[in-house]
Amino acid sequence: MLYYLDELLTAMRATPGRRRYNLISGVVFIGIAGVLFLAGAPFPVFVAFFCVSFVLDIALVVRWARRDALAAYRQTESEP
């Protein structure tokens, strides 16, 4: 499990674009959560927002990790 989490973290930090995405998505997440809090949204709305954000982010990171693993496999396969 720790190896899998390490692979996900590596995929998240692999390129400058991915690092920028992580920073921007964190700021947007905190901003929306703050707006929900200040607006007095009920707790289920917070939970729903957190779950949707978490699922979308993890799905994107897993896609990046798979793409990186496939690229590494193809690179080693093409080498003599």
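Check the entry above for the structure.
As the structure is a computational prediction, the values presented were derived from the model and not from experiment.

Caption draft 1: Region of the structure containing the side chain of Arg18. Here Arg18 lies in helix H2 (residues 16-39). For Arg18, a relative accessible area of 8% translates into the label buried. At 2.9 Å, the side chain of Arg18 and the backbone oxygen of Ala11 are in polar contact. Each residue touching Arg18, except ones within four places of it in the same chain, is listed here: Ala11, Met12, Trp64, Arg67 and Asp68.

Caption draft 2: Region of the structure containing helix H3 (residues 43-78). Compared with an ideal rise of 1.5 Å per residue, which puts 36 residues at 52 Å, H3 spans 53 Å between its outermost C-alpha atoms and is within 8% of the ideal. Buried residues along H3 sit in contact with helix H1 (2-12) and H2.

Caption draft 3: View of the packing of aromatic side chains. Applying the stated criterion to the full structure yields four aromatic pairs. Aromatic side chains Phe29 and Phe50 sit 6.2 Å apart centroid to centroid with 65° between the ring planes, which places their arrangement in the edge-to-face category. You can see Phe29 sitting in helix H2 and its partner Phe50 sitting in helix H3, a full 21 residues away along the chain. Judged by relative accessible area, Phe29 falls into the partly exposed class, the value being 26%. A relative accessible area of 46% means that Phe50 is categorised as partly exposed. Their ring planes at 15° and their centres at 6.1 Å tell us that Phe50 and Phe54 sit as a pair that is stacked. Here Phe50 and its partner Phe54 are both found in helix H3, four residues apart, which amounts to about one turn of the helix.

Calculation rules
- Residues numbered from 1 in each chain as written.
- Predicted model: local features only at pLDDT ≥ 70, side-chain atom pairs only at ≥ 80, totals over all residues.
- Heavy atoms only, no water.
- Helix = DSSP H or I, 4+ residues; strand = E, 2+ residues; numbered from the N terminus.
- Buried < 20%, exposed > 50% of the residue type's maximum accessible area, 1.4 Å probe, protein only.
- Polar contact = N/O pair within 3.5 Å; in protein donor to acceptor, adjacent residues only side chain to side chain.
- Contact = heavy atoms within 4.5 Å.
- Expected span 1.5 Å × (residues − 1).
- Phe/Tyr/Trp six-rings, centres within 6.5 Å; stacked < 30°, edge-to-face > 60°.

Take it as geometry only, folks, not as evidence of what the structure does.
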